[in-house]
There are 2 protein chains.
Amino acid sequence: MTPKTYPPLEDLQIRWKKVQKALKESGADACLVANNVNIYYLTGKIFAGFVYFPVEGDPIYFVQRPVDKEESYTIRIRKPEDIPDCLKERKRELPSVLFLEAGQLTYNEFLRLQAVFHPAATGDLTPLLRNARMIKTPWEIGQLRISAQQHVKVYEKIPSVFRENMRDIEFQYEIERLMRQNGSLGLFRTYGSNMDVFMGSVLAGKNAGMPSPYDFALGGAGLHACLPIGASGETIRSGQTVMVDMAGNFTAYMSDMSRVYSLGTLPDAAYEAHQLSIQMHNRLMETGKAGVPCADIYQWSLKMAEEAGWGTHFMGTVQQAKFVGHGIGLEINEPPVLTARSKEVLRVGMVIAYEPKFVFPEVGAVGIENTFLVTAEGMKKLTILKEDIQELMS
Amino acid sequence: MTPKTYPPLEDLQIRWKKVQKALKESGADACLVANNVNIYYLTGKIFAGFVYFPVEGDPIYFVQRPVDKEESYTIRIRKPEDIPDCLKERKRELPSVLFLEAGQLTYNEFLRLQAVFHPAATGDLTPLLRNARMIKTPWEIGQLRISAQQHVKVYEKIPSVFRENMRDIEFQYEIERLMRQNGSLGLFRTYGSNMDVFMGSVLAGKNAGMPSPYDFALGGAGLHACLPIGASGETIRSGQTVMVDMAGNFTAYMSDMSRVYSLGTLPDAAYEAHQLSIQMHNRLMETGKAGVPCADIYQWSLKMAEEAGWGTHFMGTVQQAKFVGHGIGLEINEPPVLTARSKEVLRVGMVIAYEPKFVFPEVGAVGIENTFLVTAEGMKKLTILKEDIQELMS
């Protein structure tokens, strides 16, 4: 009864064509894919092994584990050094220009795979695949919609698990349980070597302004020096906000969504800044469409924050994130990034999390985050749920 | 009230001396550390940045994030390219032989850091640090003891969260909640590029024998093709076992522990194989001590399994793991590995998870896992809890 969902072949073929086109344009003869996320992207499953993908023809799955005989396109290997002989047996030419995931393989892994093929030239497959993954296929969009629906369903129940005198971490693990009860897979995939995180974050009161080592929108001190992010164990107090920002990993494709809850009444500034974030979302809905530069979205968001007098609260205080949103999919931090230096423009099929947030020391964080799909008709919001600050225990 | 615990300086100094000795023996002038786990090992905290560690003198912490002015040994940088000038300002010579984490940095990161220093020679820091981390310091052992104590405390409560007609995943997330309530940090650190896992696994019935892509002792089909490991969503049935194998991440240092629960009565073979696993643990307690080859432990474990007639059930059925245990610490899979080809011997200060397990298709997995500290007096079990199969709902 395992509810495994595989993409249909025709959806995989859309991805394959996109990747082959990019390989061809880069002068590659083939690529060898070893990273789990990229293997999943190209095959719809995860195995220990490699996808060998020539510029023409179908990809070949070289599988080390699991031992499993049902699969097509599968050649069983013991180690990557077995691949060239398998290709020769199938009358395939070895690639002269080979692309490898230089941004994901370790240095040792990269050298090992390079030595397996000793190609005349090696290129970096990482940006090419991240670029391909940026524009979602119909099936991927369907999966993101499922995640967003479940995400909303969980967030609707958040106030019901709050109890008086709760610590932020207690609130967080009750929310984690809601997520799991509603099908969260748990694992939260990020791009980048050092992006530690666990399911998402619940930030209450002044902890929302604590800087972290990580490249997320907000930080938090965390529970322990070995994971300095998110809830810090403090009791949630009256006059504070709680920002819930959990990853919607209900399918392989994650939605991203933040909502704010309050205990008691907040200072006016907190409500006003929260409304400004909602206005920013409305502006994105009105003006966002294919062709709009991602840098522009960052610039007008920052400008709106500054004109309202909250520039120093925008995206943090002590440490301010320099982006207001990011692409999402198999990983939480996919291209494009909505940042001042972005060269990207919005394109149909992109899925983007937009998260203009404000931090008020002693009160907490306000502002919302929604997941948007860029369509030919403009921005489609996938995370539809009440956006105002919700009072807990009211 | 954040319960952050930092190692005392004298404990860090033990680690520093060990690493400097190894660097010197390898002919290195310095190393540059960028991986989170290794940064934590050398500094007791995690930051975005680098630890520059010469063969003589204290390590220098180059910090990009968080913005934080309280720390000693800290030089704030914007990018790694700033490091050489900072060193020159402090009258430090640049290294001629530099060690970098070739087994953890991506290819691109490695090349970038190499270009920052353009040393005459570069060496691989990864095995050197993994080797240093293999022998735990007094403070690290203390942290492992705390994790093991909490781990036991949680496992004692496991039967209390079981309900009739539960699916394996439902049981799992109730156990996850127990873990979090008792201080689990959530994040489960592994070594290796593609070792996806979430908190641990709960394997019931025939799912225990499902092969996975991962290099863990047992597999499981998982809930989704994007995370093919662990609980599969099946209802736990009478006559089946449930093996609980969650990571004890209550401090930065993880204990590892498996216990087996049953619903109703099992076939005799399951009880007998479980007792054999307990006997293996007893043999390890009696014979394990500094100097014992890790390969020997694997060999006599396998032999005991084969002599009992359960060789084909040992460590899986369709796909069998070729190890019976592994070092643990900041990551779940540290050296040494208890495998036939290991060249390591037990040494005082090692912390090892020993997990001889048997899979009976249709029944499930049996056998236990405990965490042991190697002391001058022999093996010290850290995860002391009833080892028999416990019947649920009895």
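Residue positions are counted from 1 within each chain, in the order its sequence is given. Key to labels: chains lettered from A, ligands numbered from 1, both in the order written. Local features in a predicted model are, by the rule used here, given only for residues with pLDDT of at least 70; side-chain atom pairs are given and counted only at 80 or more, and totals for whole chains, interfaces and linings are based on all residues. Hydrogens and water molecules were not included; the side-chain quantities draw on all heavy atoms of the structure.

Enquirer: Looking at this model, I keep getting lost on the packing of aromatic side chains. Mind explaining?
Expert: Note on aromatic pairs: each is described by the distance of the centres and the angle between the planes. Side-chain rings of Phe, Tyr and Trp (the six-membered ring for Trp) are treated as a pair once their centres are within 6.5 Å; stacked means planes under 30 degrees apart, edge-to-face means over 60, and tilted covers the remaining angles. Under the definition given, this model contains 24 aromatic pairs over all chains. Look at A:Trp310 and A:Phe360: their rings are 6.2 Å apart centre to centre, the planes differ by 80°, and that puts the pair in the edge-to-face class. Taken as a pair, A:Trp310 in the loop between helix 9 (294-307) and strand 10 (323-327) and A:Phe360 in strand 13 (residues 357-360) lie far apart in primary sequence, 50 residues in all. There is no split in this pair, since A:Trp310 and A:Phe360 are both buried. An aromatic cluster is defined as three or more aromatic residues linked by ring pairs; in this entry it consists of A:Tyr107, A:Phe110, B:Tyr107 and B:Phe110. A ring is considered to have a charge above it if a Lys NZ or an Arg CZ atom is located within 6 Å of its centre and within 35 degrees of its normal. Note that A:Arg15 overlies the ring of A:Tyr41, its terminal NZ or CZ placed 5.4 Å from the centroid. Here the guanidinium or amino end of B:Arg130 rests over the ring plane of B:Tyr191, the centre of that ring lying 3.7 Å away. What counts as a helix is a DSSP run of H or I of at least four residues, what counts as a strand is a run of E of at least two, and both are numbered from the N terminus. Note on classification: 1.4 Å probe, protein chains only; a residue is buried when its accessible area is under 20% of the maximum for its type, exposed when over 50%, partly exposed between these limits.

Enquirer: Explain the interface of chain B and chain A here, please?
Expert: Accessible area lost upon the coming together of the parts is a frequently used measure of interface size. Two residues form a contact once any of their heavy atoms are found within 4.5 Å. Listed by partner, the interface residues are 69 residues for chain B and 69 residues for chain A. Across the chain B to chain A interface the summed buried area is about 5,800 Å²; carbon plus sulfur atoms make up 55%. Throughout, buried area stands for the accessible area (probe radius 1.4 Å) lost by two parts on being put together, summed over both. Counting the surface chain B buries against chain A, the share from its top three residues, B:Tyr107, B:Arg180 and B:His224, is 12%. Salt-bridge detection follows one rule: a side-chain nitrogen of Lys or Arg within 4 Å of a carboxyl oxygen of Asp or Glu. Counting across the interface, chain B meets chain A through six salt bridges. Of the charged contacts, one joins B:Arg189 and A:Asp196 as a salt bridge, the two residues approaching to 2.5 Å between their closest N and O atoms. What qualifies as a polar contact is a pair of N or O atoms within 3.5 Å, subject to a donor-acceptor requirement within protein and to the restriction that residues adjacent in sequence count only when both atoms come from side chains. Counting across the chain B and chain A interface gives 26 residue pairs in polar contact (both at pLDDT 80 or more). The dominant element in the side of chain B that touches chain A, judged by the number of residues it contributes, is helix 7 (residues 168-181) of chain B, at eight residues. For the side of chain B that touches chain A, the per-class residue count stands at 33 nonpolar, 22 polar and 14 charged. Basically, the charged four are Asp, Glu, Lys and Arg, the nonpolar ten are Ala, Val, Leu, Ile, Met, Phe, Trp, Tyr, Cys and Pro, and anything else, Gly included, counts as polar.

Enquirer: Quick question: what am I supposed to make of the confidence of the model for chain A here?
Expert: Interpreting fine coordinate detail is not advised for predicted regions of low pLDDT. As a per-residue measure, pLDDT reflects the predictor's confidence and takes values from 0 up to 100. Confidence along chain A averages 96 in pLDDT terms, with 97% of residues attaining 70 or more. This complex was scored by the predictor with a pTM of 0.97 and an ipTM of 0.96.

Enquirer: I tried to follow the relation of the copies chain B and chain A on my own but got confused; where do I start?
Expert: Look at the two chain copies: a rotation about an axis and a shift along it is all it takes to match them. The copies are overlaid by a least-squares fit using only the C-alpha atoms of residues whose pLDDT is at least 70 in both copies. Between chain B and chain A, the superposition needs a rotation of 180° and an axial shift of 0.0 Å, giving an RMSD of 0.0 Å. A rotation of that kind, with that shift, is consistent with a two-fold axis. Same-surface contact between copies: 100% of interface residues of chain B are shared with the interface of chain A.

Enquirer: Looking at this structure, I do not really get unusual backbone geometry. What am I missing?
Expert: A negative phi holds for most residues other than glycine; trans holds for most peptide bonds. The residue after A:Arg65, namely A:Pro66, is reached through a cis peptide bond having omega -5°. Within the secondary structure, A:Pro66 is located in the loop between strand 3 (60-65) and strand 4 (74-76). Cis geometry is found at the peptide bond from B:Pro335 to B:Pro336, where omega equals 0°. Its location among the elements puts B:Pro336 in strand 11 (residues 334-339). We note that B:His118 has phi near 25°; this positive angle belongs to a residue other than glycine. On the accessibility criterion, B:His118 (65% relative accessible area) is exposed. In this model, B:Asn165 sits at a positive phi of 60°, which is unusual for a non-glycine residue. As for its placement among the helices and strands, B:Asn165 is situated in the loop between helix 6 (138-157) and helix 7. Look at B:Asn165 and you get exposed, because its relative accessible area is 60%.

Enquirer: Is there a simple way to explain the packing of helix 8 (residues 268-287) of chain A against helix 9 of chain A in this structure?
Expert: Each pair of packed helices can be described by the angle between their axes along with the distance between the axes. Residue and element names in this part refer to chain A. Packing of helix 8 against helix 9 brings their axes to within 11 Å, and their N-to-C directions diverge by 150°. Viewed along their axes, helix 8 and helix 9 adopt a mutual orientation that is roughly antiparallel. The interaxial crossing formed by helix 8 with helix 9 has right-handed handedness. Where helix 8 abuts helix 9, its residues Leu 276, Gln 279, Met 280, Arg 283, Leu 284 and Thr 287 lie against Ile 297, Trp 300, Ser 301, Met 304 and Ala 305. Under this scheme, a helix contributes an axis fitted over its contacting stretch, all axes are lines through C-alpha atoms, and angles between N-to-C directions fall in the 0 to 180 degree range. Oblique is the label for any angle not covered by the other classes, which are roughly parallel (under 35 degrees), roughly antiparallel (over 145) and roughly perpendicular (65 to 115). Note: crossing handedness is left-handed where the near helix turns anticlockwise from the far helix by less than a right angle, and right-handed where it turns clockwise.

Enquirer: When you look at the sheet that holds strand 16 (residues 378-381) of chain A in this model, what are you seeing that I'm missing?
Expert: Pairing between the strands of a sheet comes from backbone hydrogen bonds, and it takes one of two forms, parallel or antiparallel. All names here are of chain A. Sheet architecture is open: five strands sit in the order 11-10-12-15-16, paired in antiparallel fashion. A single partner strand is all that each edge strand has here, and the edge strands are strand 11 (334-339) and strand 16. For this sheet, the mean angle separating the axes of adjacent strands, direction not counted, is 30°. Strand pairing is defined by DSSP finding a minimum of two bridges between the two strands. Judged from the four bridges that link them, strand 10 and strand 11 form a sheet pairing that is antiparallel. Residue pairing across strands places His 326 opposite Val 337, the latter belonging to strand 11. Here helix 5 (residues 125-134) sits on the sheet in contact with strand 11 and strand 12 (351-354), set at roughly 80° to strand 11. Lying on the sheet, helix 8 is in contact with strand 12, strand 15 (370-375) and strand 16; it crosses strand 15 at an angle near 10°.

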